[in-house]
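An overview of the molecular structure
Residues per chain are reported as follows:
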Amino acid sequence: MKPLPALELVTRLEDAEWLDPVSKKVRKVVKRAIRPKWARDVLHGVPIGHPVHPLAVQVPMGAWISAAVLDALPGNDKASALLIGVGAGAAVPSAVAGFTDWTQLHPQQQRVGLVHAAANITATGLYAASLVARARGSRGGGKVLAYLGLAVVGAGGFLGGHLTYRQAAGVNHSEEIPHRFPSGWQPLAPLADLPDGKLHKIVVAEIPLLAYREGEAVSVLSDVCSHLSGPLHEGKVKGGGLRDTVDQNGGPGDGGDPCVVCPWHGSTFSLRTGEVQSGPATAKQPLFETRVSGGLVEVCLPGAE
């Protein structure tokens, strides 16, 4: 079975460079509007471990589809209008989360995402117009506008699916590591060959790994950023110092937990745990167990097949 012709049109959007000036202006507006890093992390979905936008969009979509069903039946004008209003209101936080993610994507993804957002904004406008028409007594016109809105938001959803499943925006780009890395202990490198306090890339079993040495201890993560596959070894170390440093209150000291900052979009991961410290990444980095045997550092990935 051949792909639908519409897919070819969407694929062309990926190379539509004429959209780039618009994307640049929209990025500036979004970044100025959402400045606190904690707010961006919440909107990216760092606390819940995956993007917020796909969850948030369920509310307007569900409300609008339900309204379409009620509009097809007699005597449901008030209920349908209420659902349309709920959907329009819920579209706002969904769009804010979506735009926050969108600012941290590759150019090809941003082009498709921009048209995806334009479709959803247009659909919301049609639903708002539907409410106005209904309030003025034009029930038929209100229903037509609502069904047009549903068609447009459906097209926007198709673009969102392309963005996620064809262009891999918002997915975990390190998920495959446990399925590709061999089970058991594997040799990494002699301890003496690893620079102390610096990021070092080593390929083991064709998998790029990130090694960070602190004295006799070595932390090893996947070198492929879970956000968009950025090379973590080209990033920078944030924090760090002695492993057991504590402050005057007994908590971790300033140098207690070194982190690596991705050079592409600034995602920050703990080098000792792989956990996300700040987005746009939401999935932790695969963390390898390490041991030193006869001066040779060996690594093992729990769960590797």
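This text follows the structure it describes.
Predicted model only: the values in this text are computed from it and were never measured.

Some remarks on empty space enclosed by the protein
Taken as a whole, this structure holds 1 cavity of 30 Å³ or more when the rule is applied. Considering only enclosed or pocket space, the largest cavity measures out at about 30 Å³ in volume. Lining the largest cavity are Trp64, Ala67, Ala68, Asp71, Ile84, Tyr127, Ala146, Tyr147 and Leu150. If you tally residues by element for the lining of the largest cavity, the top one is helix H5 (residues 58-71), at 4 residues. Residue composition of the lining of the largest cavity, grouped by class: 8 nonpolar, no polar and 1 charged.

Examining the layout of surface pockets
Reported here for the largest pocket is a volume of approximately 1000 Å³. Along its surface, the largest pocket is lined by 45 residues, and His53, Pro54, Gly98, His116 and Thr164 are the ones closest to its centre. Elements with a minimum of two residues in the lining of the largest pocket: helix H4 (53-56), H5, helix H6 (77-102), helix H7 (107-135) and helix H8 (139-166). A class-by-class count of the residues in the lining of the largest pocket yields 23 nonpolar, 21 polar and 1 charged.

Examining the side chain of Ser130
By secondary structure assignment, the location of Ser130 is in helix H7. Reaching out from Ser130, the side chain makes a polar contact with the side chain of Arg134 at a distance of 2.9 Å. Apart from residues lying up to four places away in sequence, Ser130 is in contact with Ile84, Gly142, Lys143, Leu145 and Ala146.

A few points about the packing of helix H3 (residues 37-44) against H6
The N-to-C vectors of H3 and H6 enclose an angle of 105°; their axes lie 8 Å apart at closest approach. Judged by the angle between their axes, H3 and H6 are roughly perpendicular. Where H3 abuts H6, its residues Arg40, Leu43 and His44 lie against Val96, Ala97, Thr100 and Asp101. Looking at the contact of H3 with H6 residue by residue, the class counts come to 3 nonpolar, 2 polar and 2 charged.

Cut-offs applied
Residues numbered from 1 in each chain as written. Predicted model: local features only at pLDDT ≥ 70, side-chain atom pairs only at ≥ 80, totals over all residues. Heavy atoms only, no water. 1 Å grid on protein atoms, 1.4 Å probe; cavity = no way out; pocket = protein on both sides within 12 Å on 5 of 7 lines; lining within 4 Å. Points joined across faces, edges and corners; volume = space filled by probe spheres on them. Helix = DSSP H or I, 4+ residues; strand = E, 2+ residues; numbered from the N terminus. Nonpolar A, V, L, I, M, F, W, Y, C, P; charged D, E, K, R; others polar. Polar contact = N/O pair within 3.5 Å; in protein donor to acceptor, adjacent residues only side chain to side chain. Contact = heavy atoms within 4.5 Å. Axes fitted to C-alpha atoms, helices over the stretch in contact; angles between N-to-C directions. Parallel < 35°, antiparallel > 145°, perpendicular 65-115°, else oblique.

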